[in-house]
Amino acid sequence: MSKNRVYILGGYQTDFARNWTKEGKHFLAMMRESVRGALHACALDPQDIEAAHVGNFAAELYCKQGHLGAFFVEVDPVFRGLPTSRHEAACASGSIALLAGSAEIEAGRYDLVAVCGIEAMKTVGSKEGGDYLGTAAWYELEARGVDFPFPKLFGQLGDEYDKRYGLKAEHLDAISVVNYANAKLNPYAQTRTWYMSKDHACAKGDDNPAVGGRIHLTDCSQVTDGAATVFLASERYATAYARTRGIKLSSLPYIKGWGHSTASIRFADKIEQSKGQEYVLPTVRKTITDAFRRAKMNDVTELSGIETHDCFTTSEYMAIDHFGITKPGESYKAIEEGWIEIGGKMPINPSGGLIGAGHPVGATGVRQVLDCFKQVTGTAGDYQVEGARNFATLNIGGSGTTSVTFIVGT
Amino acid sequence: MADVRASRQLAESRPIKKVVVLGANGTMGYQSGALFAAAGAQTTFLARTRDKARQGRDGAGRAVRSSALTKLIDVGCYSEDLPQAVAQADLIFEAVAENFEIKHEMLELIDRHRRPDSIVATVSSGLSITDLAKSRSESFARNFLGLHFFNPPQVIVGTELIAGQATDPALVDFIDAYSTHKLGRLMVRTANTPGFAGNRIGFKVLNEVCQLAEEYGPLVIDKVVGRYTGRALAPLATVDLVGWDVHQAICDNIYDKVKDEAIETYRMPDYMRRLIAAGTLGTKSGKGFFMRNKGEPLRVLDIKSGEYKDARSIEVPKLPFAEQIIFLNSIGAYKRAMEVFTTAEGKWANLARKVIGGYISYALCRVGEVTESVIGVDSIMAAGFNWAPPSALVEAIGVKSTVKILEDNKLTVPPLLERALKNGTERFFDEPRLSLGKYFVAKS
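Residues numbered from 1 in each chain as written. Chains lettered and ligands numbered in written order. Predicted model: local features only at pLDDT ≥ 70, side-chain atom pairs only at ≥ 80, totals over all residues.

## Re the overall build of chain B
The cut-off we apply is this: Each helix is a run of DSSP H or I of at least 4 residues and each strand a run of E of at least 2, with the numbering of both proceeding from the N terminus. With C-beta atoms placed from the backbone, a residue counts as buried when 20 or more other C-beta atoms lie within 10 Å of its own, as exposed when 12 or fewer do, and as partly exposed for counts between those limits. What counts as a contact is two residues whose backbone-derived C-beta atoms lie within 7 Å of each other.
The helix and strand inventory of chain B stands at 21 helices and 11 strands. The burial tally for chain B puts 55% of its 444 residues in the buried class. Pairs at least 24 residues apart make up 70% of the contacts formed inside chain B by residues separated by at least 6 positions.

## Thoughts on the overall build of chain A
Defined as follows: Throughout, the radius of gyration refers to the C-alpha atoms, and the reference size of a globule is 2.2 Å times the residue count to the power 0.38.
A tally of helices and strands in chain A yields 16 helices and 12 strands. For 410 residues, the compact-globule estimate of 2.2 N^0.38 gives 22 Å, and the C-alpha radius of gyration of chain A, at 20 Å, lies within 12% of that figure. Summarising its shape, the C-alpha atoms of chain A cover approximately 55 × 45 × 40 Å along the three principal directions. Of all 410 residues assigned to chain A, the portion counted as buried reaches 61%. Put simply, 77% of the contacts in chain A that link residues at least 6 apart link residues at least 24 apart.

## A closer look at the sheet that holds strand S1 (residues 18–22) of chain B
All names here are of chain B. Keep this limit in mind: We treat two strands as partners when DSSP finds at least two bridges between them. To get an axis, fit a line to the C-alpha atoms, keeping to the stretch in contact for a helix; angles then go from 0 to 180 degrees between the N-to-C directions.
The mixed open sheet is built from 8 strands, whose spatial order is S3-S2-S1-S4-S5-S6-S7-S8. Where the open sheet ends on each side, the last strands, each with one partner, are strand S3 (73–77) and strand S8 (186–190). Taken pair by pair, the neighbouring strands of this sheet meet at an average axis angle of 25 degrees, ignoring direction. Its contacts with the sheet put helix H3 (residues 50–64) on strand S2 (42–47) and S3, and the angle it makes with S3 is roughly 155 degrees.

## Some remarks on the sheet that holds strand S10 (residues 299–302) of chain B
Residue and element names in this part refer to chain B. Taken together, 3 strands build an open sheet; the order of strands is S9-S10-S11 and the sheet is antiparallel. The open sheet is flanked by strand S9 (290–291) and strand S11 (307–310), the only strands paired with a single partner. Two elements, S10 and S11, share 4 bridges in a ladder whose sense is antiparallel. The residue bridging leucine 301 from the neighbouring strand is tyrosine 308, located in S11.

## Some details on helix H16 (residues 364–376) of chain A
All names here are of chain A. Definition in use: For a helix, the expected span equals 1.5 Å multiplied by the residue count minus one.
For H16, spanning 13 residues, the distance from its first C-alpha to its last is 18 Å, which sits close to the expected 18 Å at 1.5 Å a residue. For H16, the tally of buried residues reaches 13 of 13 residues, placing the bulk of the element in the interior. Residue glycine 378 follows H16 closely and has a positive phi angle near 65 degrees.

## Points about the domain arrangement of chain B
Residues and elements named next belong to chain B. To be explicit about the condition: Here the limits of each domain have been adopted from an automatic or database domain assignment.
When cut into domains, chain B gives domain 1 (16–190) and domain 2 (198–439). Between the C-alpha centres of domain 1 and domain 2 the distance comes to 31 Å. With 12 residues of domain 1 in contact, the opposing surface of domain 2 contributes 14 residues. Of all the secondary-structure elements, those providing two or more residues to the side of domain 1 that touches domain 2 are strand S7 (158–163) and S8. Per-element accounting of the side of domain 1 that touches domain 2 gives the leading share, 4 residues, to S8.

## Some points on the confidence of the model for chain B
For clarity, the threshold we go by: For every residue, the predictor states its confidence as a pLDDT score lying anywhere from 0 to 100.
On average, residues of chain B carry a pLDDT of 95, and 98% of them reach 70 or more. This complex was scored by the predictor with a pTM of 0.95 and an ipTM of 0.94.

## Topic: the interface of chain B and chain A
Where we set the bar: Each residue is assigned to one of three groups, with Ala, Val, Leu, Ile, Met, Phe, Trp, Tyr, Cys and Pro labelled nonpolar, Asp, Glu, Lys and Arg labelled charged, and all others, Gly among them, labelled polar.
Of the residues lining the interface, 24 residues belong to chain B; the matching set on chain A comes to 23 residues. Only helix H4 (67–70) and helix H15 (320–330) of chain B provide two or more residues apiece to the side of chain B that touches chain A. Ranked by the residues each element gives to the side of chain B that touches chain A, the list is headed by H4 of chain B, at 3 residues. Here the residues of the side of chain B that touches chain A are counted per class, giving 11 nonpolar, 8 polar and 5 charged.

## Regarding the packing of helix H20 (residues 399–408) of chain B against helix H21 (residues 415–423) of chain B
When two helices pack together, their arrangement is given by the angle between the helix axes and the distance between those axes. Residues and elements named next belong to chain B. The test is simple: The cut-offs work like this: below 35 degrees is roughly parallel, past 145 is roughly antiparallel, 65 to 115 is roughly perpendicular, and the gaps in between are oblique. When the near helix sits turned anticlockwise from the far one by under a right angle, the crossing is termed left-handed; a clockwise turn instead gives a right-handed crossing.
Between H20 and H21, the least distance of the axes is 10 Å, while the angle of their chain directions is 135 degrees. Put simply, H20 runs oblique to H21. Every pair of crossing elements has a handedness; the one defined by H20 and H21 is left-handed. Counted together, Val399, Lys400, Thr402 and Val403 of H20 and Leu417, Ala420 and Leu421 of H21 form the full contact between these two elements. Split by residue class, the contact of H20 with H21 holds 5 nonpolar, 1 polar and 1 charged.

## Concerning the nonpolar core
Applicable threshold: Take the buried Ala, Val, Leu, Ile, Met, Phe, Trp, Tyr and Cys residues, join any whose C-beta atoms are within 7 Å, and the set you get is a nonpolar core.
The biggest cluster of nonpolar side chains holds 285 residues, and the ones touching the most others in it are Met31 and Cys116 of chain A together with Phe93 of chain B. It is helix H17 (residues 347–365) of chain B that provides the largest number of residues to this core, a total of 9 residues. In terms of domain composition, this core takes at least three residues from each of domain 1 (16–190) and domain 2 (198–439) of chain B. Beyond its immediate chain neighbours, meaning those up to four positions away, cysteine 116 of chain A contacts Met31, Ser34, Val35, Ala52, Val54, Phe72, Ala227, Thr229 and Val366 of chain A.

## Examining the environment of valine 230 of chain A
Residue and element names in this part refer to chain A. Take valine 230: it is sitting in strand S7 (residues 226–233). In this structure the C-alpha to C-alpha distance between valine 230 and glutamate 337, which are 107 residues apart in sequence, comes to 34 Å. Contact partners of valine 230, with chain neighbours within four places excluded, come to Ile8, Gly10, Gly11, Ala38, Val115, Val366, Val369, Leu370 and Phe373.

## Quick notes on helix H5 (residues 126–133) of chain A
All names here are of chain A. Rules: The arc in question is the one spanned by the directions pointing from the helix axis to the C-beta atoms.
For H5, the set of buried residues is Gly130, Asp131 and Leu133. In an axial view of H5, the angular spread of the buried residues amounts to 160 degrees, which keeps them on one side of the axis. Packed against the buried residues of H5 are helix H7 (149–164).

## Here we look at unusual backbone geometry
All names here are of chain B. Geometrically, the link from asparagine 151 to proline 152 is a cis peptide bond, its omega value of -10 degrees lying close to zero. Within the fold, proline 152 resides in the loop between strand S6 (144–149) and S7. The residue arginine 65 is not glycine, and still its phi comes out positive at about 55 degrees. Tracing the backbone through its elements, the reader meets arginine 65 in the loop between H3 and H4. Although it is not a glycine, phenylalanine 196 sits at a positive phi angle of roughly 50 degrees. Relative to the assigned elements, phenylalanine 196 resides in the loop between S8 and helix H10 (198–216).

## Thoughts on the environment of alanine 143 of chain A
All names here are of chain A. Note that alanine 143 resides in helix H6 (residues 139–143). Since 22 C-beta atoms lie within 10 Å of it, alanine 143 is described here as buried. Linking alanine 143 and tyrosine 132, residues 11 residues apart in sequence, is a C-alpha distance of 9.3 Å. What alanine 143 contacts, discounting residues up to four positions off in sequence, is Gly134, Ala137 and Pro149.

## Some remarks on the pairing of S1 of chain B
All names here are of chain B. Using the following cut-off: Crossover handedness is defined here as right-handed if the route from the first strand over the helix to the second strand goes clockwise, with the strands pointing away from the viewer.
Counting buried positions along S1 yields 4 of 5 residues, so the element is predominantly enclosed. Handedness of the crossover is the feature at issue here: the chain leaves S1, passes through helix H2 (residues 27–38), returns alongside S2, and the resulting connection is right-handed. When S1 meets strand S4 (residues 91–94), the two strands line up parallel, connected through 4 bridges. Bridging across to S4, leucine 22 finds its partner in glutamate 94.

## Considering the environment of aspartate 131 of chain A
All names here are of chain A. Mapped onto the fold, aspartate 131 is located in helix H5. Judged by local crowding, aspartate 131 falls into the buried class, with 20 C-beta atoms found within 10 Å. Separated by 13 residues in sequence, aspartate 131 and arginine 144 have C-alpha atoms that sit 7.7 Å apart.

## Here we look at the pairing of S2 of chain B
Residues and elements named next belong to chain B. Counting buried residues in S2 gives 5 out of 6 residues, a clear majority hidden from the surface. Relative to S3, S2 runs parallel, the two sharing 5 bridges. Each bridged residue has a counterpart across the sheet, and for phenylalanine 45 the counterpart in S3 is valine 75.

Structural data, given as structure tokens:
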């Protein structure tokens, strides 16, 4: 890690249960609420912001609008003239925006940077939306003419686990149940009022139909409208920020480490390339170990918990062994032992994750880091992991293609 | 954090393993019953016949989209199964028809069979909890309270909790914590006043627009006081959905029992009484202010003739100020939108301000009467009615401008606003539990 630390001052996420199309709103309303909410949460003067980064996957498709960086300027008249940009890496767009913002702080260009992840997805029906999401894969080769391509791709991830190590449906069901249960503790979670039980997740049929191979409805993350904003600051700004609030600089979380790698875009190529290896998705493993190395951490035992990318239960199943919580292929052990639950040895997605809290594609990476911030500052409310010191994210774009990890701690 | 933990512990302090729902065939009965079953309680649905109870159970499964839930629900009928089911229940949830005599009779039956330590909750939307407990045993009255879910409870989390005169305060605390943590409710404690908090404030507005509809026509009124004024559904469409008979019961109950500065807005118009007698009950009867048939154009009640006219043949004024507000709301510029609302000129803007000003005035005047603090009133209007909470409107309009709207319309300025004006309070509303922007709807 470079010597210029990147501090996180806090932020705000919108209520992921909201349907902004039903409210008749443009995504600018979402961006505005998220940025203003973050300013309010941190009691920051908007004049202090020196640059802004927007993470977004597909507003061109969902909203027929590009150039999202320009919309940040519309949030407040004082932002006119601000350097802004938009970043895209499918479901990892939010993390890429964070990487860009943190690089600017590290380089000493700016002292305070805003990062906003945003996606409006309820503008279209589920089939059309599924087709748009297909552009996160190699559309021509993997998604054209396929109904709901992504559940099928992540179903194949489960198939590969099954082939190499064996995989039981009950373990995937348990992942879903834990995420839904955690979401009930999160006042911003999309599914917080939904019904979920072990019986329901295990029931495969009309209530819980198959959507792609072994992937059933309860294995899926949600179609979500949402935005999340965080502020990244240099040590200089953070020091002044802490002083005026009468808190210690050491109580402010910073980015201890990060990892970022990109694999072949086609799922079949990724699997072909990892043949004979322990890890099904070695580039994801590399992202995680890079983050540990940069954070000067030996392994996962130095974390208090994880916010991972559970776009489907199979992706969380993959994250468990790729983080090194268990040996490769033994993720089921962590599930059976209750390690991944709040109060367990390594809580995963106390927020409810993408399955429970929701998955506004471009916002997810930022939302994950915001949740890490809440955990390590003891402000996660009902879903707080007791005594959390260090929290990590894993944000994935495509079928395990772009992966980003942040380790956030005090 | 400490508060959350204590409240969570309280929710766990008393196991609710068995619940019985009476009136389980009704919408409120089975949907509320689904909440108890979803919280893991072994739930028994009772109705007049087992078939009806079974229908309720199917409805519960549909409400949560899971047949797995129905495995936790038994069914039975009053004549054969009530004594045993009530005797075994930790919590008895009474959701029979909203009629004092019917409820009274059912509660008497419950009193006869219940265990002395079981909890009895009624889902009344405004009947006196104290009166319902009269002539019941002492242990019944101590363990009896009102738990008012709003329809549909799967979606609307705002819930009123009402203690009667004899209700054990510790029980109220427990049900508050249990409903919050186990049933996922946003709880609001209200006084045992007619209509409690939500209906008392909400139906004032709804009935006032019913009165205004006589002069201006339903289509115009639902446009002038449309969704852009801070609601998920236009007000007369809401009355249709609620049911005119239910509207009548709630308004008459409040008009009979309450004296306040705006009670005349609660006098239900004669045309509604006439039409109710002739079978106009809103959506459930196929006709109310509006008649919507699939594939046909919307038809609108002509109040004078009682006939329905094609909406396209009715002249509706253009409202440029409303269009501007809708655009500003659509980009999240809520304060600017309210500025337009405050300054717009003309008859229709005046009418809209009169109704919304009336809502703010009436709601804030009730603080201290129907709920202890303003947050109670705000929470139930937001999380129960899906309306912009009064304080959020004040916050967006500004204290000074709000007071001016009230004065212009000869409405009572609530003490709360007078104080805020005197103290120069800038931030009138700050409640993180409510997602405020949601209520500034960008639709006509």
